[in-house]
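Here's the letter readout for the chains.
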Amino acid sequence: MSERFSRVTGVAVLGAAVVGAGAVAWLGARVSLLLAIACALLSVGAAVALEGWLVTRSRRSERVATMPLAPRVVMAQTRGVFAGPVTVTVLIPAHNEETRIRATLAALHAQTRMPEKVVVVADSCTDYTASIARAWGVEVFRTVGNEHAKAGALNQALGEVLPELGDNDVVLVMDADTVLDRGFVEAAVRRMTDDRALMAIGGQFFGEPGGGWLGLLQRNEYLRVSRDERRRNGGIVVLSGTASVFRPRALRAIAAARGTLLPGRAGDVFDTVALTEDDELTLALRSLGALMISPPQCAVVTEVMPSWAALWNERLRSRRGALENLAAYGVHLHTYRLWARQLGIGYGVVAIASFALLLATIAVSMESSTWAPLLVSALSVFAIERVVTVWRGGWASRGIAALVLPELAYACFLGAVYVKGVIDIALKKQPTWQPMIPDSGRLGALR
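All of the points below concern the structure found in this document. Because the structure is a prediction, the values reported are computed rather than measured.

**Comments concerning the overall build of the protein chain**
Consideration 1: From N to C terminus, the protein chain includes 15 helices and 10 strands.
Consideration 2: Of the contacts formed within the protein chain by residues at least 6 apart in sequence, a portion of 78% connects residues at least 24 apart.
Consideration 3: Carbon together with sulfur atoms contributes 63% to the accessible area of the protein chain, which is approximately 20000 Å² in total.

See below:
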């Protein structure tokens, strides 16, 4: 994909969102609001039908050269072949994680189905991360001359691990700040055993306790992402970098396709250029026809950002990374859904800003006795939706959702991050933050 296309990607998405918002407003004003809604629903229906056709097409594909991971291809190649029982090798990339690695390893040791092998990938650690890992009885792999953060560390570790693995020896890649649900490994093994065409399983992530109001807002966001995944019956949009399971066949196919069918350097599993490696790896698997799911039984708890500045950096990286990854892959049948989601995010930025402006305009220009019923009605509908979508989070989550304004401010903050990412891409501005080993692309293409 050309550099010019990459540069205008964000602006094109945000511009299309603004045009779409204007079109809906024009329809509502010139024709009727009902007609505008009907057009929107018709578009959604067409998108769902197209997606169903694409999934069926991928499952039935026989194009081994361009879609070697398509279910029909995999089923044909593995028919009548028993590669042994499913085993699990865990890779945990870690950079100075002495304060969190204990909880991560404790959760692994508490699994209802223990992994066969656990490897902490110590990348330029200057603390006691490696010592703590050895004390827990797990292997430690030290990177050598790695300059590519998490992606580079995992590429080095996979270079040692992959040649030793058979087709059923799955790899669980998880962050050092992630705590697995006790049944995560057992559920993943069961899924991989029951469906030999399944190439990857993504974890459904939830926020850890603490963090005050900011932590609560992030946990609500994660709850809504998980709810969307459950409503898709495990259908996946982006594999979570917090914890995901891969078949060796999938990882080897990606490494073989780099530099030809896929962006990146030949032989690398993870693209070291991508800002959000989990998002890019999902695109790679999609392009090769892989079947992926995110079942609710594979739940994980991950950290929440402790400050607005940290959250800004994390989300700026994820938003920008998602757009740059799409630019690298271009527009085709396997990326249209993610392009549509980016368009939806841009439209959401416009909608939230317009809603906030509407509230401010009403409050300033109308008498309290006139605008109060209208405002209360609008906020009540919004509050009900907010509360219902985080109901599983308990009363604290429901309470902050019912207040509306904190989550509205949070949404405006995320909208500002998105716009900043678009501007940075357009101006070809280099990132000023240091890439972090823990995944920061969890929400890049999700919301």
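More follows now that the structure is in view.
**A short note on helix α15 (residues 405–426)**
Consideration 1: Between its first and last C-alpha, α15 extends 31 Å over 22 residues, near the 32 Å set by a 1.5 Å rise per residue.
Consideration 2: Among the residues making up α15, those that are buried are Glu407, Leu408, Tyr410, Phe413, Leu414, Gly415, Val417, Tyr418, Gly421, Val422, Asp424 and Ile425.
Consideration 3: One or two steps after α15, the chain reaches lysine 428, where phi turns positive at roughly 55 degrees.

**Details of the sheet that holds strand β6 (residues 198–202)**
Consideration 1: The seven strands are arranged β3-β2-β1-β4-β8-β6-β9 in an open sheet whose pairing can be described as mixed. Sheet topology places β3 (139–142) and β9 (291–293) at the edges, where each strand pairs with a single neighbour. The mean inter-strand angle of the sheet, taken between neighbouring strand axes irrespective of direction, is 20 degrees.
Consideration 2: Summarising the sheet, strand β1 (residues 87–94) and strand β4 (residues 169–174) pair through five bridges and their orientation is parallel. Across the sheet, valine 90 pairs through a bridge with leucine 172, a residue of β4.
Consideration 3: Those strands touched by helix α4 (residues 101–109) are β1, β2 (117–122) and β4, and its axis lies near 175 degrees from that of β1.
Consideration 4: Of the strands in this sheet, β1, β2, β3 and β4 touch helix α6 (residues 149–161), which is tilted by about 145 degrees from β1.

**So, the environment of arginine 341**
Consideration 1: Examined against the element boundaries, arginine 341 turns out to sit in helix α12 (residues 336–365).
Consideration 2: For arginine 341, a relative accessible area of 25% puts it in the partly exposed group.
Consideration 3: The sequence separation of arginine 341 and valine 237 amounts to 104 residues, and the corresponding C-alpha distance is 9.6 Å.

**Re the packing of aromatic side chains**
Consideration 1: The full count for this structure, using the stated rule, is five aromatic pairs.
Consideration 2: Relative to phenylalanine 413, the ring of tryptophan 312 lies with its centre 5.7 Å away and its plane at 70 degrees, an arrangement referred to as edge-to-face. Taken together, the residues span a long stretch of sequence, with tryptophan 312 in helix α11 (residues 308–329) and phenylalanine 413 in helix α15 at a distance of 101 residues.
Consideration 3: Residue phenylalanine 413 is classed as buried on the basis of its relative accessible area of 16%.
Consideration 4: The structure contains a cluster of three or more aromatic residues connected by ring pairs, namely Trp308, Trp312, Tyr410 and Phe413.
Consideration 5: The ring of tryptophan 391 carries arginine 398 above its face, with NZ or CZ at 3.8 Å from the centroid.
Consideration 6: Here the basic side chain of arginine 398 rests over the ring of tryptophan 395, its NZ or CZ set 4.4 Å away from the ring centre.

**Some thoughts on the side chain of arginine 219**
Consideration 1: Within the secondary structure, arginine 219 is located in helix α8 (residues 212–231).
Consideration 2: No salt bridge is formed by the buried arginine 219; its nearest oppositely charged neighbour, glutamate 208, is found at 7.3 Å.
Consideration 3: Within the local environment of arginine 219, its side chain forms a polar contact with the backbone oxygen of glycine 210, the two atoms lying 2.7 Å apart.
Consideration 4: Excluding anything up to four places from it in sequence, arginine 219 contacts Gly207, Glu208, Pro209, Gly210, Gly212 and Val304.

**Structural notes on the pattern of salt bridges**
Consideration 1: Tallied over the full model, the rule gives 16 salt bridges.
Consideration 2: For lysine 117, the salt bridge is made with glutamate 164, and the minimal N-O distance between the two is 3.9 Å. Of this pair, lysine 117 sits in strand β2 while glutamate 164 sits in the loop between α6 and β4; the two residues are 47 residues apart in sequence, bridging distant segments of the chain.
Consideration 3: Its relative accessible area of 23% is what places lysine 117 among the partly exposed residues.
Consideration 4: Judged by its relative accessible area of 57%, glutamate 164 is exposed.
Consideration 5: A salt bridge links aspartate 424 to lysine 420, with the nearest nitrogen and oxygen atoms 2.9 Å apart. Within this pair, aspartate 424 and its partner lysine 420 are both found in helix α15, separated by four residues, close to a single helical turn.
Consideration 6: We classify aspartate 424 as buried; its relative accessible area is 5%.
Consideration 7: The class for lysine 420 is partly exposed, based on a relative accessible area of 25%.
Consideration 8: One salt-bridge network, held together by shared partners, links Arg224, Glu385, Arg386 and Glu407.

**Topic: the packing of α8 against α11**
Consideration 1: The geometry of α8 relative to α11 is characterised by a closest axis approach of 11 Å and an angle of 30 degrees between their N-to-C directions. Judged by the inter-axis angle, α8 sits roughly parallel to α11. Crossing hand, α8 versus α11: left-handed. The residues of α11 that touch α8, namely those facing Leu214, Leu217, Gln218, Glu221 and Tyr222, are Trp308, Leu311 and Arg315.

**Focus on the packing of α8 against helix α14 (residues 395–403)**
Consideration 1: Running from amino to carboxyl end, α8 crosses α14 at an angle of 95 degrees, the nearest separation of the two axes being 10 Å. In terms of their interaxial angle, α8 and α14 are classed as roughly perpendicular. Counted together, Trp213, Leu216, Leu217, Asn220, Leu223 and Arg224 of α8 and Ala396, Ser397, Ile400, Ala401 and Leu403 of α14 form the full contact between these two elements.
Consideration 2: Here the residues of the contact of α8 with α14 sort into eight nonpolar, two polar and one charged.

**Some details on the sheet that holds strand β5 (residues 179–180)**
Consideration 1: Ordered by their spatial adjacency, three strands build an open sheet running β5-β10-β7, and the pairing between neighbours is mixed. For this open sheet the edge positions go to β5 and β7 (204–207), each flanked by a neighbour on one side alone.
Consideration 2: In this structure, β7 lies alongside strand β10 (residues 299–302), joined through four bridges in parallel fashion. Among the inter-strand pairings, glycine 207 is bridged to a residue of β10, identified as threonine 302.

What counts, and at which threshold
Residues numbered from 1 in each chain as written. Predicted model: local features only at pLDDT ≥ 70, side-chain atom pairs only at ≥ 80, totals over all residues. Heavy atoms only, no water. Helix = DSSP H or I, 4+ residues; strand = E, 2+ residues; numbered from the N terminus. Contact = heavy atoms within 4.5 Å. Areas by Shrake-Rupley, 256 points an atom, 1.4 Å probe, with all protein chains shown as cover. Expected span 1.5 Å × (residues − 1). Buried < 20%, exposed > 50% of the residue type's maximum accessible area, 1.4 Å probe, protein only. Pairing = 2+ DSSP bridges. Axes fitted to C-alpha atoms, helices over the stretch in contact; angles between N-to-C directions. Phe/Tyr/Trp six-rings, centres within 6.5 Å; stacked < 30°, edge-to-face > 60°. Lys NZ or Arg CZ within 6 Å of the ring centre and 35° of its normal. Lys, Arg positive; Asp, Glu negative; His and termini not counted. Salt bridge = Lys/Arg side-chain N within 4 Å of Asp/Glu carboxyl O. Polar contact = N/O pair within 3.5 Å; in protein donor to acceptor, adjacent residues only side chain to side chain. Parallel < 35°, antiparallel > 145°, perpendicular 65-115°, else oblique. Left-handed = near helix turned anticlockwise from the far one by under 90°. Nonpolar A, V, L, I, M, F, W, Y, C, P; charged D, E, K, R; others polar.

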